[in-house]
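Single-letter residue listing:
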Amino acid sequence: MTIQGPTRRDLGRGTLAALLAMPALAGRALAQGQGQAMKLGFNGDLSASPSAQSGRAAVVGIEAAIEDLNKEGGVLGRPLSLTLRDDLSQPPKSIQNMSDLIDNERVVAVLGPTNSGNALAWRHIPNGKRVPVMGCIGSATDITKPMREGADNYMFRVGSVDRTQVVTIMGYAKKNPRTGRIGFLTETTGYGQGGLKDLVEVAQAQGLAPAANEKFNVNDTDMTSQLAKLRAAGVETALVWAQGTPIGQLMRSMEKIDYFPTVLTSWAADNLSFINAAGPRLAEKPIFLRTVSEDRTPHQQAFFERIRPRIDADSAFSFSVHGYDGTMLLARAIQQAGRADGPAVKEALEDLRGTLAGYAKTYDKPFSRTEHDALGAADQRWTCWRDAKLAAFSDEVVRGLRPEDFKG
Amino acid sequence: MTATLLQALVSGLAIGGIYALIALSFSITFTTTRTLNFAQGEFIGFGAFLGVAVLYALSGSGEGGSFAALTPAASEGFRYPAATLAVGVALGVLGLLLFLVAVRPFAGKPGMSWVMSTIGFGIILQSLGLAVWGPAPVNMPSPFGSEVLRLGGAGVRPQEVAVLAAAVLLMVGLDVTMRRTRLGKAMRAVAHDPGVAALMGINVGAVMLGAFALSSALAGLGGMLVAPIASASLFMGMGIALKAFSGAILGGLDNPRGCIFGGFALGLLESGVALWQAQWREIAVFLLIILVLAIRPNGLFGRRALDKV
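Here the structure is a predicted model, which is why all the values come from computation and not from measurement. (Residues numbered from 1 in each chain as written. Chains lettered and ligands numbered in written order. Predicted model: local features only at pLDDT ≥ 70, side-chain atom pairs only at ≥ 80, totals over all residues.)

Visitor: Got a minute to help me understand the overall build of chain A in this structure?
Guide: Scanning chain A for helices and strands turns up 14 helices and 14 strands. The C-alpha atoms of chain A give 23 Å as radius of gyration, which agrees with the globular expectation for 408 residues (22 Å, within 12%). Taken over 408 residues, chain A has a buried fraction of 51%. Pairs at least 24 apart in sequence give 71% of the contacts found in chain A among residues at least 6 apart. (Helix = DSSP H or I, 4+ residues; strand = E, 2+ residues; numbered from the N terminus. Rg over C-alpha atoms; globule rule 2.2 N^0.38 Å. Buried ≥ 20, exposed ≤ 12 C-beta atoms within 10 Å, placed from the backbone. Contact = placed C-beta atoms within 7 Å.)

Visitor: Sorry if this is basic, but what is going on with the overall build of chain B here?
Guide: Scanning chain B from N- to C-terminus turns up 11 helices and 2 strands. Secondary structure elements of chain B, listed N to C terminal, follow the sequence α-α-α-α-β-β-α-α-α-α-α-α-α. Across its three principal directions, the C-alpha atoms of chain B cover 55 × 50 × 35 Å. By residue count, 53% of the 309 residues in chain B fall in the buried class.

Visitor: What should I look at first to understand the interface of chain A and chain B in this one?
Guide: Reports often express the size of an interface as the amount of accessible area lost when the parts come together. Counting residues at the interface gives 27 residues for chain A and 26 residues for chain B. Where the side of chain A that touches chain B is concerned, the elements lending two or more residues are helix H2 (52-71), strand S7 (210-216), helix H8 (224-232), helix H9 (244-256) and helix H10 (272-282) of chain A. Among the elements that make up the side of chain A that touches chain B, the one with the highest residue count is H10 of chain A (5 residues). For the side of chain A that touches chain B, the residue count by class is 8 nonpolar, 13 polar and 6 charged. (Nonpolar A, V, L, I, M, F, W, Y, C, P; charged D, E, K, R; others polar.)

Visitor: Would you mind going over the pairing of strand S8 (residues 235-241) of chain A with me for this structure?
Guide: Put simply, side chains in a regular strand alternate between the two faces of the sheet. All names here are of chain A. Among the 7 residues that make up S8, 6 are buried, leaving the element largely enclosed by the rest of the structure. Across 6 bridges, strand S6 (residues 181-187) lies against S8 in parallel orientation. Bridge assignment links Thr186 to a residue of S8, and that residue is Trp241. Pairing of S8 with strand S9 (residues 262-265) involves 4 bridges; the strand directions are parallel. (Pairing = 2+ DSSP bridges.)

Visitor: Honestly, unusual backbone geometry in this entry has me stumped. Any pointers?
Guide: Glycine aside, negative phi is the norm for most residues, and most peptide bonds take the trans geometry. All names here are of chain A. In the segment running from Gly112 into Pro113, the intervening peptide bond is cis, with an omega of -5°. Mapped onto the elements, Pro113 comes out in the loop between strand S3 (109-111) and helix H4 (116-122). Although it is not a glycine, Asp258 adopts a positive phi angle of roughly 55°. With respect to the helices and strands, Asp258 occurs in the loop between H9 and S9. On the neighbour-count criterion, Asp258 (11 C-beta atoms within 10 Å) is exposed. One non-glycine residue with positive phi stands out, namely Lys365, at about 50°. As for its placement among the helices and strands, Lys365 is situated in the loop between strand S12 (362-364) and strand S13 (381-386). You can call Lys365 partly exposed: it has 13 C-beta atoms within 10 Å.

Visitor: I keep staring at the packing of helix H2 (residues 40-59) of chain B against helix H3 (residues 79-103) of chain B and nothing clicks. Help me out?
Guide: Relative placement of two packed helices is described by the angle separating their axes and the distance separating the axes. Residues and elements named next belong to chain B. One can describe the packing of H2 onto H3 by two numbers: an axis separation of 9 Å at closest approach and a directional angle of 135°. When the interaxial angle is binned, H2 and H3 end up oblique. Considering how the two elements wind past one another, H2 and H3 form a crossing that is right-handed. Of the residues in H3, those touching H2 at Phe43, Gly47, Leu50, Gly51, Val54, Leu55, Leu58 and Ser59 are Arg79, Ala82, Ala83, Thr84, Ala86, Val87, Ala90 and Leu91. Classifying every residue of the contact of H2 with H3 by side-chain character gives 11 nonpolar, 4 polar and 1 charged. (Axes fitted to C-alpha atoms, helices over the stretch in contact; angles between N-to-C directions. Parallel < 35°, antiparallel > 145°, perpendicular 65-115°, else oblique. Left-handed = near helix turned anticlockwise from the far one by under 90°.)

Visitor: Which parts of the structure should I look at to understand helix H7 (residues 190-205) of chain A?
Guide: For the α-helix, the turn length of 3.6 residues means that residues three or four positions removed from each other point alike. Residues and elements named next belong to chain A. Spanning 16 residues, H7 covers 23 Å between terminal C-alpha atoms, matching the ideal 22 Å at 1.5 Å per step. Those residues of H7 that fall on the buried side of the exposure criterion are Tyr191, Gly192, Gly194, Gly195, Leu196, Asp198, Leu199, Val202 and Ala203. Its buried side turned inward, H7 meets H4, helix H6 (162-175), S6, S7 and S8. A positive phi of about 75° marks Gly207, the residue just after H7. (Expected span 1.5 Å × (residues − 1).)

Visitor: Would you mind showing me how to read the nonpolar core here?
Guide: One broad trend across soluble globular proteins is that nonpolar side chains are buried collectively. Within the largest apolar cluster, 140 residues are counted, with the highest numbers of intra-cluster contacts made by Ile18, Ile22, Ala23, Leu24, Phe26, Ala48 and Val226 of chain B. Here Phe26 of chain B is in contact with Leu36, Gln40, Ala244, Phe245, Ala248, Leu253 and Cys259 of chain B, once residues within four sequence places are set aside. Listed in part, the 63 residues of the second largest apolar core include Leu46, Ala109, Met134 and Val158 of chain A. (Core = buried A, V, L, I, M, F, W, Y, C linked by C-beta atoms within 7 Å.)

Visitor: I keep staring at the pairing of strand S2 (residues 80-86) of chain A and nothing clicks. Help me out?
Guide: Relative to S2 of chain A, strand S1 (residues 38-44) of chain A runs parallel, the two sharing 7 bridges. Counted as the bridge partner of Asn43 of chain A is Arg85 of chain A from S2 of chain A.

Structure, rendered in structure tokens:
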């Protein structure tokens with residue numbers, strides 16, 4: 001047998017090897033230019049609590065945005081990179097991560113966190129060190145409020161806001177001629193009680209008074225006692241603020257005592273944990289709000305198909321959208337400021353020029369000095385479960401809602 | 001009003017049955033080894049997830065649905081009993097492991113190292129579970145369907161009746177075993193005095209191993225029973241174990257029947273207080289426990305003073 005030159009197969013193998021090695025080679029190239037790479041940070045739960053799937057979905061969105069931005073040559077001529085810090089949903093760990101990202105990793109901005117409570121625990125840090133934070137998951141109203149009246153505020157958000165949702169569902173209750181008496185049902189966690197505070201204030205602002213106000217524990221499997229009291233008070237519309245599993249248990253308890261008021265609830269009902277607890281039939285009862293409609297535009301559908309293999313559940317898609325849009329808005333602000341230092345980026349975010357076609361909506365002046373939430377009442381999409389799938393919800397009340405109905 | 005009270009009674013008995021079962025499992029290890037498995041909560045959650053995994057494996061591809069959303073078909077026929085048996089055996093083995101690595105090296109020695117080592121064992125177990133199955137709660141369908149049964153105006157699900165029935169059967173079975181059989185007598189002898197029991201020719205080590213295997217198997221069964229009601233979650237067991245432990249303390253840790261009483265009492269108390277003001281429930285429950293312990297430090301039916309080391 002004579003010694004031959006490389007065969008076609010050998011050439012193929014060589015190409016394959018080069019292709020396989022490419023990410024590593026590219027990574028090395030990036031590492032060599034690390035002096036120039038602009039670091040973004042993510043701090044949030046990626047593994048420990050049931051909401052970790054939302055955190056992971058947001059990271060998928062952020063990474064997709066960074067990929068797109070780097071394809072266009074990065075920001076201010078520098079590539080972007082993402083530094084991840086898992087806070088395991090624990091506030092002390094989250095606080096530690098925040099200092100680590102800002103002081104050691106020197107990130108230009110932080111995205112996250114997953115759990116609202118953690119944002120409330122550390123928001124004094126980015127505000128003190130003047131590093132912008134873009135929220136994309138936690139929905140507590142107070143996250144984006146300044147620490148005190150008139151203080152500089154570095155907390156921004158592209159995502160759901162509890163207060164906005166409460167205002168919108170209360171608007172629905174007020175407008176619906178079949179609402180009758182309203183009652184509140186809330187979970188005793190920080191999330192539920194924050195929602196209750198919003199419910200009480202917004203009801204007052206819209207001139208509604210609850211006939212009953214009951215609470216339940218996040219791990220309860222039987223809420224029949226609380227529901228019996230709502231029924232005794234003649235409640236026909238229940239406004240519920242809780243996480244996915246307890247809302248599911250609530251629906252099951254309603255079936256036990258055969259009492260089905262109209263249920264308007266928090267967006268947690270979009271979670272898989274809700275339908276798992278409620279079962280597909282009872283899951284069809286409540287209506288709730290999301291920031292991304294299930295009737296996806298072609299633009300959204302393309303993004304959905306691009307990232308779907310990397311997220312845990314269809315319902316987590318909205319977090320990827322928030323993460324993507326938030327990252328894009330940050331990049332746009334850095335570009336506009338011409339530099340990446342915190343105060344300049346914050347100024348630019350509060351006065352963003354031009355429009356940005358994001359996946360949740362087209363942003364036109366998304367933030368101002370006083371408004372740090374990019375998505376408002378008009379950006380809420382009515383949703384429900386149909387045949388074990390999320391679906392867009394509409395009825396004559398929804399169609400009749402006008403901006404002036406959203407008071408509080 | 002009667003319907004509401006009846007509903008509270010039914011709901012209280014259903015959850016009380018689980019508290020009683022787990023309270024009994026605490027009592028089993030305490031009476032024989034003077035130690036407790038503080039990882040019992042993690043064992044419940046781990047058992048439930050293992051059950052989901054077995055059901056998923058048994059139902060094969062297609063008809064059983066995905067791992068996160070098993071369809072009712074996944075629990076039909078022999079599958080749920082088979083999964084329950086598998087979980088019982090697996091958790092029993094896990095209990096042996098727990099005893100060998102986390103309890104025996106420290107039992108009987110001064111200090112409370114076994115408290116930390118069992119808690120640590122639980123954290124390791126939970127972290128392993130999180131790594132394998134992820135943090136999201138998953139659905140376990142009930143083998144008895146999910147149609148509501150009506151009892152004089154109150155509604156109850158078949159699984160809740162099954163939980164109560166299974167818990168009562170297990171508890172009666174264990175009670176008879178403890179009081180009537182040679183094995184039970186050996187266990188009680190070890191509980192009374194391990195030294196004397198050993199002199200009487202009882203294999204004390206084997207009895208202690210058996211106690212941990214049984215206690216852990218009960219936690220696994222508890223997880224299998226509760227999962228169709230509460231969704232399987234690696235975090236589901238903590239609340240149950242804490243309440244069950246409270247029930248055991250209330251009834252007297254060293255008295256198995258007292259533990260069962262304590263568990264049921266706690267379940268009924270919870271649903272009773274919820275009729276009045278649900279947010280006062282935990283406060284009322286734990287105030288009562290403190291009150292009982294102030295008057296009877298060994299619980300309502302406890303007899304012996306706790307060892308002070």
